[in-house]
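Per-entry structural report
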Amino acid sequence: MEPTQPAPPTSNISVRRGEPLVVIDHVDKHYGELHVLNDINTVVNRGEVVVVIGPSGSGKSTLCRAINRLETIDSGSIAIDGVALPEEGAALAKLRADVGMVFQSFNLFAHKTVLENVTLAPIRVKRMSRKDAEAKAMELLERVGVANQAKKLPAQLSGGQQQRVAIARSLAMNPKLILMDEPTSALDPEMINEVLDVMIGLAKDGMTMIVVTHEMGFARKAADRVLFMADGKIVEEATPAEFFDNPQSDRAKDFLSKILEH
């Protein structure tokens, strides 16, 4: 009788629900002579966490911002949940209500309390009652660990707390997708983990996320897939284990040797 083989180690990848949520098809964008997005093709499935990494100037943030049309594209198409990105007007506003965005800078309203920051869009855009919006906001602030700061103004919070409020604000709209563009790069080192912990929790809960980050530990722990970009192109697309342990391209090997030796 043949000896039983040990089960292969499970990787982090799990295309958990399988249906495509974001379809990026032959997308190009130029800034003058600079080809910042060069024939980008990828699909992000519902419930998947895709981390985009690469050197500065590789097109990561431009791609992230193009997905909710904060950046226009020159050619190709981007569709979310089967609907092509609208160019403007009410349809674009509706799409943006379905796509949360967390930026490097927290972009909170300085003159509004934490609670008001989180309830503003649900009340104005989704026409929720103030009572319901505040109850939902307090749940979300509890989830990200800052419920006790609800009455404070953003300036009274640390950077890590402000970014967690920004994540709660994006969740308040019940988005289908959250885009995160370098969400920890403006934070002091001791605050980074408190934000990454919230992001890992969202990943475990099945939130679809596209995250541009330099945090390789987060990519290893929470990503289903890593997209490595350089010079406006997706150079590699792999599970975290495959990418970090066995990068295929010289560009990726060079990038990882510089990042991981520090």
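Scoring rules and cut-offs
- Residues numbered from 1 in each chain as written.
- Predicted model: local features only at pLDDT ≥ 70, side-chain atom pairs only at ≥ 80, totals over all residues.
- Heavy atoms only, no water.
- UniProt positions renumbered as here; feature names shortened; annotations may be inferred.
- Helix = DSSP H or I, 4+ residues; strand = E, 2+ residues; numbered from the N terminus.
- Rg over C-alpha atoms; globule rule 2.2 N^0.38 Å.
- Buried < 20%, exposed > 50% of the residue type's maximum accessible area, 1.4 Å probe, protein only.
- Contact = heavy atoms within 4.5 Å.
- Areas by Shrake-Rupley, 256 points an atom, 1.4 Å probe, with all protein chains shown as cover.
- Lys, Arg positive; Asp, Glu negative; His and termini not counted.
- Charge placed at Lys NZ, Arg CZ, Asp CG, Glu CD.
- Axes fitted to C-alpha atoms, helices over the stretch in contact; angles between N-to-C directions.
- Parallel < 35°, antiparallel > 145°, perpendicular 65-115°, else oblique.
- Left-handed = near helix turned anticlockwise from the far one by under 90°.
- Nonpolar A, V, L, I, M, F, W, Y, C, P; charged D, E, K, R; others polar.
- Pairing = 2+ DSSP bridges.
- Core = buried A, V, L, I, M, F, W, Y, C linked by side-chain atoms within 4.5 Å.

By the naming in an unreviewed UniProt entry, the protein chain is ABC-type polar-amino-acid transporter, taken from Agromyces cerinus subsp. cerinus. In UniProt, the protein chain has this text filed under Catalytic activity (unreviewed entry): "a polar amino acid(out) + ATP + H2O = a polar amino acid(in) + ADP + phosphate + H(+)". The annotation that UniProt attaches to the protein chain under Subcellular location (unreviewed entry) is "Cell membrane".

The secondary structure content of the protein chain amounts to 9 helices and 10 strands. Taken against the 2.2 N^0.38 rule, which gives 18 Å for 262 residues, the C-alpha radius of gyration of the protein chain at 19 Å falls within 12% of a compact globule. Projecting the C-alpha coordinates of the protein chain onto the three principal axes gives extents of approximately 60 × 50 × 40 Å. A burial count over the protein chain gives 50% of its 262 residues as buried. At a minimum sequence separation of 6, the contacts of the protein chain that also span at least 24 residues come to 69%. Roughly 12900 Å² of accessible area belongs to the protein chain as shown, and the carbon and sulfur atoms make up 51% of that amount. Where the 30 positive side-chain charges of the protein chain centre and where its 35 negative ones centre are 8 Å apart.

Two numbers describe how helix 5 (residues 159–171) lies on helix 6 (residues 189–204): the axes approach to 8 Å, and their chain directions differ by 20°. Of the possible angle classes, the one that applies to helix 5 and helix 6 is roughly parallel. At the point where helix 5 passes helix 6, the crossing takes the right-handed sense. Facing helix 5, whose interface residues are Gly159, Gly160, Gln161, Gln163, Arg164, Ile167 and Leu171, helix 6 presents Met191, Glu194, Val195, Val198, Met199 and Leu202. Here the residues of the contact of helix 5 with helix 6 are counted per class, giving 7 nonpolar, 4 polar and 2 charged.

Within strand 7 (residues 177–181), 5 of the 5 residues are buried, which leaves it mostly tucked inside the rest of the structure. Neither face of strand 7 is open: one carries Leu177, Leu179 and Asp181, the other Ile178 and Met180, and all of them are buried. Bridge analysis of strand 6 (residues 99–102) against strand 7 gives 4 bridges, and the strand direction is parallel. Residue pairing for strand 7: valine 99 is matched across the bridge by leucine 177. Summarising the sheet, strand 7 and strand 8 (residues 209–212) pair through 4 bridges and their orientation is parallel.

Right, let's talk about the pairing of strand 1 (residues 20–31) for a bit. Here strand 1 pairs with strand 2 (residues 34–45) via 8 bridges, running antiparallel. Paired with tyrosine 31 across the two strands is leucine 34, which belongs to strand 2. What sits between strand 1 and strand 2 in their antiparallel hairpin is a turn of 2 residues, with glycine 32 showing a positive phi close to 60°. The pairing of strand 1 with strand 4 (residues 75–80) spans 5 bridges and is classified as antiparallel. The partner of isoleucine 24 across the bridge, within strand 4, is isoleucine 78.

A few words now on the environment of isoleucine 24. Following the sequence through the fold, isoleucine 24 ends up in strand 1. For isoleucine 24, a relative accessible area of 4% corresponds to the buried category. Ignoring any residue separated from it by four or fewer positions in sequence, one finds isoleucine 24 in contact with Ile40, Asn41, Thr42, Leu63, Ile67, Ser77 and Ile78.

Let's shift gears to the nonpolar core. Grouped together as the largest cluster of nonpolar side chains are 52 residues, with contacts concentrated most on Ile53, Leu141, Ile167, Met180, Met209 and Phe243. Top contributing element to this core by residue count: helix 6, with 9 residues. Ignoring any residue separated from it by four or fewer positions in sequence, one finds isoleucine 53 in contact with Lys60, Thr213, Met216, Val226, Leu227, Phe228, Met229, Phe243, Phe244 and Phe255.

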